[in-house]
Amino acid sequence: MKKKLCPQCKIAAMFVKNAEGKRLLVYVTDQAVVVPKYPEESTDGFDLSEVFCLGCSWHGSPKRLVDY
Ligand SMILES: [Zn+2]
């Protein structure tokens, strides 16, 4: 499974937030699906419409991530 990358710094490590501001580490597949980094975690309750890059200040729709 391929991971999409940040359009600015080209890393795959992203996080999403929930209503309480809690962060969940994720990556985004080449199908633009947001997947938890750790399989035992759940994206339930998290806003998957916006992902935040761990490496730079970029954030936005998972569809805006790029292929390597
Ligand atoms: Zn970045």
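Higher on the page you've got the structure.
Definitions and cut-offs
- Residues numbered from 1 in each chain as written.
- Predicted model: local features only at pLDDT ≥ 70, side-chain atom pairs only at ≥ 80, totals over all residues.
- Heavy atoms only, no water.
- Salt bridge = Lys/Arg side-chain N within 4 Å of Asp/Glu carboxyl O.
- Helix = DSSP H or I, 4+ residues; strand = E, 2+ residues; numbered from the N terminus.
- Buried < 20%, exposed > 50% of the residue type's maximum accessible area, 1.4 Å probe, protein only.
- Core = buried A, V, L, I, M, F, W, Y, C linked by side-chain atoms within 4.5 Å.
- Donors = N, O, S within 2.8 Å, 3.2 Å for Na, K, Ca; no water.
- Tetrahedral: all angles 85-135°; square planar, octahedral: opposite > 155°, others 65-115°.
- Pairing = 2+ DSSP bridges.
- Phe/Tyr/Trp six-rings, centres within 6.5 Å; stacked < 30°, edge-to-face > 60°.
- Lys NZ or Arg CZ within 6 Å of the ring centre and 35° of its normal.

Novice: Just give me the short version of the pattern of salt bridges, but keep the residues and values in it.
Specialist: Opposite charge on two side chains permits pairing when their charged atoms draw close. Going through the model one piece at a time under the given rule, you end up with one salt bridge. For D67, the salt bridge is made with K4, and the minimal N-O distance between the two is 3.4 Å. In this pair, D67 sits in the segment after β5 (59-60) while K4 sits in the segment before β1 (14-18), placing the two residues 63 residues apart along the sequence. Taking relative accessible area as the criterion, K4 reaches 12% and is therefore assigned buried.

Novice: Account for the nonpolar core, with residues named and values stated.
Specialist: Core analysis: the largest hydrophobic core is formed by twelve residues, namely C6, M14, V16, L24, V26, V28, V34, F46, V51, C53, W58 and L65. Secondary structure elements with two or more residues in this core: β1, β2 (23-28) and β4 (46-53).

Novice: Lay out the coordination of the zinc ion in plain terms, naming residues and giving numbers.
Specialist: Looking at the metal site, the zinc ion is ligated by C6 (SG), C9 (SG), C53 (SG) and C56 (SG), spaced 2.3 Å from it. Around the zinc ion sit four donor atoms, and with donor-metal-donor angles ranging over 100 to 114 degrees the site reads as tetrahedral. All donors of the zinc ion come from a single chain, and their spacing in sequence reads C-x2-C-x43-C-x2-C. Of the two residues, C6 sits in the segment before β1 while C53 sits in strand β4, which places them 47 residues apart along the sequence. For the residue pair C6 and C53, the accessibility class agrees, reading buried in each case.

Novice: Mind laying out the sheet that holds β5, listing which residues take part and the relevant values?
Specialist: Taken together, five strands build an open sheet; the order of strands is β3-β2-β1-β4-β5 and the sheet is antiparallel. Among the strands making up the open sheet, the edge pair consists of β3 (34-36) and β5. Relative to β4, β1 runs antiparallel, the two being bridged by four bridges. Across the sheet, N18 pairs through a bridge with F46, a residue of β4.

Novice: Can you break down the packing of aromatic side chains residue by residue, with the values?
Specialist: Taken as a whole and judged by the stated rule, the model has one aromatic pair. Consider the rings of F15 and F52, whose centres lie 5.2 Å apart with planes at 10 degrees: the pair is stacked. Here the residue F15 occupies a position in strand β1, and F52 occupies one in strand β4, the gap between them amounting to 37 residues. On the basis of relative accessible area, F15 is assigned to the buried category, the value being 5%. Looking at K3, its charged tip hangs above the ring of Y27, at a distance of 4.4 Å from the centre. Over the ring of F52 we find K17; its NZ or CZ atom is 4.5 Å from the centre of that ring.

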